[in-house]
Amino acid sequence: MNSLQKHFTLLKKQKRKLFLPFVTLWDPDKEYFLKILKALENNGADAIEIGIPFSDPMADGPVIQKASIRALNKGASLIEGFKMLENIKKQISVPILFMSYYNPVFMMGEERFFKVCEKTKLDGIIIPDLSFEESKKFIKNSKAIDLASICFISPTTPSLRMKKINSNASGFIYYISIKGVTGQHQGFEKKAIEHIKLVKKNTTLPVCVGFGISTAKQAKTLAEYADGIIIGSAIVKIIEKNINNKKMAVDEIAKFTRRIRSVLDGKKIPLA
Amino acid sequence: MYPDKKGYFLNFGGKFVPETLIVAINELETSYAYFKKSKEFRNKLNYYLKEYAGRPTPLYFAENFSKYLGFKIYLKREDLAHTGAHKINNTLGQVLMAKMMGKKRIIAETGAGQHGVATATAAALFKMPCCVYMGKEDMHRQSLNVFRMQLLGTEVKCVDSGSMTLKDAINEAIRDWVSNIDTTHYVIGSIVGPYPYPMIVRDFQCIIGKEVKKQILRHEKRLPDYLVACVGGGSNAMGLFHPFYRDKRVKFIGVEPAGRGLNTKEHGASLCKGTIGVFQGAKSYLLQDKNGQIQTAHSISAGLDYPGVGPEHAYYKDIKRAQYYAVDDKTTLLGFKFLSETEGIIPALEPSHAIGYLIKHKKRFKKLDIVILNLSGRGDKDIDIVKEHLV
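Here goes a summary of the coordinates provided. The shown structure was predicted, so the numbers you read here are calculated from the model rather than taken from an experiment.

Each value, and the rule that gives it
- Residues numbered from 1 in each chain as written.
- Chains lettered and ligands numbered in written order.
- Predicted model: local features only at pLDDT ≥ 70, side-chain atom pairs only at ≥ 80, totals over all residues.
- Heavy atoms only, no water.
- Salt bridge = Lys/Arg side-chain N within 4 Å of Asp/Glu carboxyl O.
- Helix = DSSP H or I, 4+ residues; strand = E, 2+ residues; numbered from the N terminus.
- Buried < 20%, exposed > 50% of the residue type's maximum accessible area, 1.4 Å probe, protein only.
- Contact = heavy atoms within 4.5 Å.
- Core = buried A, V, L, I, M, F, W, Y, C linked by side-chain atoms within 4.5 Å.
- Pairing = 2+ DSSP bridges.
- Axes fitted to C-alpha atoms, helices over the stretch in contact; angles between N-to-C directions.
- Parallel < 35°, antiparallel > 145°, perpendicular 65-115°, else oblique.
- Left-handed = near helix turned anticlockwise from the far one by under 90°.
- Nonpolar A, V, L, I, M, F, W, Y, C, P; charged D, E, K, R; others polar.
- Buried area = accessible area lost by both parts, 1.4 Å probe.
- Polar contact = N/O pair within 3.5 Å; in protein donor to acceptor, adjacent residues only side chain to side chain.
- Phe/Tyr/Trp six-rings, centres within 6.5 Å; stacked < 30°, edge-to-face > 60°.
- Right-handed = clockwise from strand over helix to strand, strands pointing away.

Take the pattern of salt bridges next. A pair can form between side chains of opposite charge whenever their charged atoms are brought close. All names here are of chain A. Summed over the entire model, instances satisfying the criterion amount to 42 salt bridges over all chains. Note that Arg70 is salt-bridged to Asp27, the shortest N-O span being 2.8 Å. Taken together, the positions of Arg70 in helix H3 (residues 62–73) and Asp27 in the loop between strand S1 (18–24) and helix H2 (30–42) put the pair 43 residues apart, joining distant regions of the chain. No difference in accessibility class separates Arg70 from Asp27, as the two residues are buried. The structure contains a network of salt bridges with shared partners spanning Arg16, Asp46, Arg261 and Asp265.

Quick look at the structure:
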């Protein structure tokens, strides 16, 4: 059983929902990136998704696109991510997932990639453009080293395909709550809930919902039906807004994380 | 025969897309398999290709150019097709198919603007709203085509992310498609992207090679020795090459943009200088760095300014069915000027790469050789750029 599965078992016992925030590697810089990870952990993140920047992020909206450019300009890459992971693991105890487009992984070479994953004890990998069709060998290899390879289900995925994806996946199912790219959206919750119910019916793994969620209210609404909530753009946006006051970014992210945590734990939405 | 069931040309191609797009791509695959066999679709498409787009385009024996080069050269006059380039072959096919599939909206990307204009044209013809994504840099250097699209009733959306050229326009079009998957068909302009696009676009462009085969047999009573075409994404080249795939004695030459030189970073020669990677839905040769980040391409012609190439060309390269060379901006301009002066035909900068190749490497050919060059588009759109460089 990999670390993510263990964590989900624990959460289930405690009847709690998972909160998985997303930040881009080295955003806004190396030093503050670590501080942000700390703030996320200390304020209620159950795991952290670290985005490896890619030059052509086709599934991402403008906020994460801009963060990717910021990170690329600082020299962030998959290899640098792994180099830093050792250090991160010393300071952060929650599971760490990498999100990368497939080409950086392919360029590194799958064999080498898995070796490094094993050595650095990466907990999970999310590759948005590695479709179910192209992922079979990759997932088999990741299972062999207890690396959770997260698979996506979208609003367009038919039921039979959900079952197939579920039997292939490990860790959890990443349910994309909107037809679109990452970023803030409004008014999609009702439809998403119907879909989440359908996904739950056709799958056995925990289901985490991401894409489009930016407010505590949305998180609370969707978490009632899902096992976890993933928020990226809303957090990255805080960094973007406070790019000249990095300490403020850390504080704001801590505050945001506390808000999400408390609504996921069934408390009332605290005042901002 | 490639692509195989998984959408691979041996080691290249595939479907590397986010889950949301998979259903649309699978739907397209099923629909295309149906329409390919549908008499109604084929008759309609053939009607529009003939009566509307002006096919077949001539295969012209370029006597003056031949005399200079010292061997026989024929030009496949795709520049005479409606809208001034081969792109119309693909857009009429795809937009007609989208209409028959019940799609309500068309989107496309464009580099030089030729594919954008051809898509806007087909969308106007088949009464469908159309939106074309174009890099800011390309909108600037191909402003005439921007206006043409607007005249045709298309909304041109400016893309100012990344390098602001073709690859970024494709990213933006994909993002639009993910967001409007139920109503929208994405007309990709070259033999790139996830399967089944490389096959669909190739099949619609194969009319070029099929016509050439008939025409050259009529003119020369034999097949040609060489087929020469420029390669960006590679649709005009593949459209010419593919019908000759089994004619092993017909050699294929693809000409990539060497930009400011293959030893600089400013070129678009993915096959000559790239490495294998996965980009915009398919595995193929790419211009990328050691971390797998896609690099910015450069070419004097916006239409070849792309850091990837169609997976079928990658396959042709690896099995050595085709040979790929690169020609720089300077030689391209020479080709542009030369064809204009000797034949009275102003070519687009894209096929000027192939013309430049023949001029520069004329000694590689023998006196009795018959060479067919795909003149994939006309040069009106490039006049401003050429003026800047030549005057």
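Attention now moves to the environment of Asn291 of chain B. Its location among the elements puts Asn291 of chain B in the loop between strand S12 (282–286) and helix H13 (311–318). Separated by 91 residues in the primary sequence, Asn291 of chain B and Ile200 of chain B have C-alpha atoms spaced 32 Å apart. If near-sequence neighbours (up to four positions away) are discounted, Asn291 of chain B is found in contact with Ser77, Ile79, Pro104 and Met107 of chain A.

It is worth spelling out the nonpolar core at this point. Counting 198 residues, the largest nonpolar core has Leu37, Ile48, Ile88, Phe98, Phe113 and Phe172 of chain A as the members making the most contacts within it. When sequence neighbours within four positions are dropped, the list of residues in contact with Ile88 of chain A reads Phe33, Leu34, Leu37, Ile50 and Ile96 of chain A. Counting residues in each nonpolar core, the second largest holds 23 residues, with Phe71, Ile73, Val327 and Tyr357 of chain B among its members.

Residue and element names in this part refer to chain B. Strand order in the open sheet formed by 6 strands is S3-S4-S14-S9-S10-S13, and the pairing between neighbours is mixed. The open sheet has two free edges, formed respectively by strand S3 (59–61) and strand S13 (322–328), since each of these has just one partner strand. Strand-to-strand, the axes of this sheet are offset by a mean angle of 25°, without reference to chain direction. With 3 bridges connecting them, S3 and strand S4 (residues 72–77) associate as antiparallel partners. Opposite Phe61, over in S4, you have Tyr74 as the bridge partner. Where H13 meets the sheet, its contacts fall on strand S10 (251–259) and S13, and the angle it forms with S13 comes to roughly 110°.

Residue and element names in this part refer to chain B. Closest axis-to-axis distance for the helix H2 (residues 39–52)/helix H4 (residues 87–101) pair is 10 Å, and the angle between their directions is 140°. As judged from the angle between their axes, H2 and H4 are oblique. Crossing geometry of H2 relative to H4 is assigned as right-handed. Seen from H2, the contacting residues are Glu40, Phe41, Lys44, Leu45, Tyr48, Leu49 and Tyr52; seen from H4, they are Asn89, Leu92, Gly93, Leu96, Met97 and Met100. Grouping the constituent residues of the contact of H2 with H4 by class yields 9 nonpolar, 2 polar and 2 charged.

Residues and elements named next belong to chain A. Read around the barrel, 8 strands follow the order S1-S2-S3-S4-S5-S6-S7-S8 and close on themselves; strand pairing throughout is parallel. Each neighbouring strand pair of the sheet contributes to a mean axis angle of 25°, computed without reference to strand direction. In this structure, strand S3 (residues 96–99) lies alongside strand S4 (residues 124–126), joined through 3 bridges in parallel fashion. In the strand pairing of S4, Met99 is matched with Ile126. Of the strands in this sheet, S1 and strand S8 (228–231) are in contact with helix H12 (residues 246–264), which crosses S1 at around 160°.

Below, the discussion takes up the interface of chain A and chain B. Of the residues lining the interface, 35 residues belong to chain A; the matching set on chain B comes to 38 residues. For the chain A and chain B pair, buried surface summed over both sides reaches about 2,900 Å², with 54% attributable to carbon and sulfur atoms. The interface formed by chain A and chain B holds 3 salt bridges in total. For Lys167 of chain B, the salt bridge goes to Asp56 of chain A, with nearest N and O atoms at 2.8 Å. Connecting chain A to chain B are 18 residue pairs in polar contact (both at pLDDT 80 or more). When residues of the side of chain A that touches chain B are traced back to their parent elements, those giving at least two are H3, helix H5 (102–108), helix H7 (132–144), strand S5 (148–153) and helix H8 (159–168) of chain A. For the side of chain A that touches chain B, the leading source of residues is H5 of chain A, giving 5 residues.

On to the packing of aromatic side chains. Under the definition given, this model contains 34 aromatic pairs over all chains. Judged by centre distance (5.4 Å) and plane angle (70°), the ring pair of Phe113 of chain A and Phe114 of chain A falls under edge-to-face. Geometrically, the ring pair formed by Phe41 of chain B and Phe204 of chain B is tilted, given 6.4 Å between the ring centres and 50° between the ring planes. Taken as a pair, Phe41 of chain B in helix H2 and Phe204 of chain B in helix H9 (residues 197–205) lie far apart in primary sequence, 163 residues in all. You'll find Phe41 of chain B and Phe204 of chain B in the same group, each marked buried.

Turning next to the packing of helix H10 (residues 216–223) of chain A against H12 of chain A. Describing two packed helices takes the angle between their axes plus the distance from one axis to the other. All names here are of chain A. At a minimum axis separation of 9 Å, H10 and H12 run at an interaxial angle of 30°. On the basis of their axis angle, the class for H10 and H12 is roughly parallel. Crossing of H10 over H12 shows right-handed handedness. Residues Ala216, Ala219, Lys220 and Ala223 of H10 form the contact with H12, whose own contacting residues are Arg259, Ile260, Val263 and Leu264. Split into classes, the residues belonging to the contact of H10 with H12 amount to 6 nonpolar, no polar and 2 charged.

Moving on, we come to the pairing of S8 of chain A. All names here are of chain A. Residues Gly228 and Ile230 point to one face of S8 and Ile229 and Ile231 to the other, with burial holding for every one of them. Of the strand pairs in this sheet, S1 and S8 are connected by 4 bridges, and their pairing is parallel. Across the sheet, residue Leu20 finds its bridge partner in S8, namely Ile230. At this point the chain moves from strand S7 (residues 207–210), through H10, to the parallel S8, and the crossover so formed is right-handed.

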